Amino acid sequence: MTDDLGEDVPLTGVPERIVSMVPSLTEAVAVSAPGTLVGITDYCTHPELDLPRIGGSKYPKVDRIFDLKPDLVLANAEESRPDDVERLRANGIPVWVMAAAATVPAALASLRRLLTQGLELDEPDWLVRAEDLWRETPPVRATAIVPVWRKPWVVLGRDTFGGDVLRRLGVALTYADHEDRYPRPSLDELRAQFETGAAELLVLPDEPYLFTDEDGPEAFPGVPYVLVSGRFLTWYGPSLVEAHEATAAALSARLPALP
């Protein structure tokens, strides 16, 4: 077996003790292979699981992972530090690293491989349903700026999963063609995008930065904005089924003209 990065995953059988360093993978495994998880991060919030915590996604407590004696650890190329992954592998623990998917179909294809080949499961119903829901890419109906952090401001740029989620709901990104995946424009630059018409909508998720009605919109006076679930915007897994209707409804509430 090889992971998304082409690295060997030397499984000796079907994994029965899995540690997940990725919240969305935690959700996918918990729903698809209940009872196999033995350790999760502090940020694994869905579903609620009474399991040992191994610290954060970027800074896990590797010694704690050793203590759990997993036969598979799940990581992510964008969140997990290579040094941590290599330390685990050097100690004989197989690690499956998922690539930073740029599109919903790419993420679902990776999950299918992990679940059906790595864990030897039948194809989950939620995965088939998610593929059907997110298959189409409708015409652009609005162009948006999507901050994921402030102080400094960080926005979604090219080749991001969240950007593809919005594009499949008819919302394009102003920074979709930027050279960086997560540009850091100044506030003046962001405001200018609305003034020139390059952006029409401000989309504010509640994670990783917790934007609210009082924290975020005040920096863009008079700009239409919508608050969305960061989990629905950035998590790949079972939540994608609910995410389609919920995120589309949130966008339509701000833009009544959207179907």
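Fair warning: this is a prediction, and the values are worked out from it, not measured in the lab. (Residues numbered from 1 in each chain as written. Predicted model: local features only at pLDDT ≥ 70, side-chain atom pairs only at ≥ 80, totals over all residues. Heavy atoms only, no water.)

Caption draft 1: Quick peek at the sheet that holds strand β1 (residues 18-20). Here we have four strands laid out as an open sheet, ordered β2-β1-β3-β4, and parallel in their pairing. Looking along the sheet, the strands with just one partner apiece sit at the ends: β2 (37-39) and β4 (95-98). The average angle at which neighbouring strand axes cross in this sheet is 35°, direction not considered. In this structure, β1 lies alongside β2, joined through two bridges in parallel fashion. (Pairing = 2+ DSSP bridges. Helix = DSSP H or I, 4+ residues; strand = E, 2+ residues; numbered from the N terminus. Axes fitted to C-alpha atoms, helices over the stretch in contact; angles between N-to-C directions.)

Caption draft 2: Up close: unusual backbone geometry. Across the junction of His46 and Pro47, the peptide omega takes the value -10°, indicating a cis bond. Summarising the element assignment, Pro47 is placed in the loop between β2 and α2 (62-68). At Lys69, a position not held by glycine, the phi torsion is positive, near 50°. You can see Lys69 is positioned in the loop between α2 and β3 (72-76). The residue Lys151 is not glycine, and still its phi comes out positive at about 60°. Structurally, Lys151 can be placed in the loop between β6 (147-149) and β7 (154-155).

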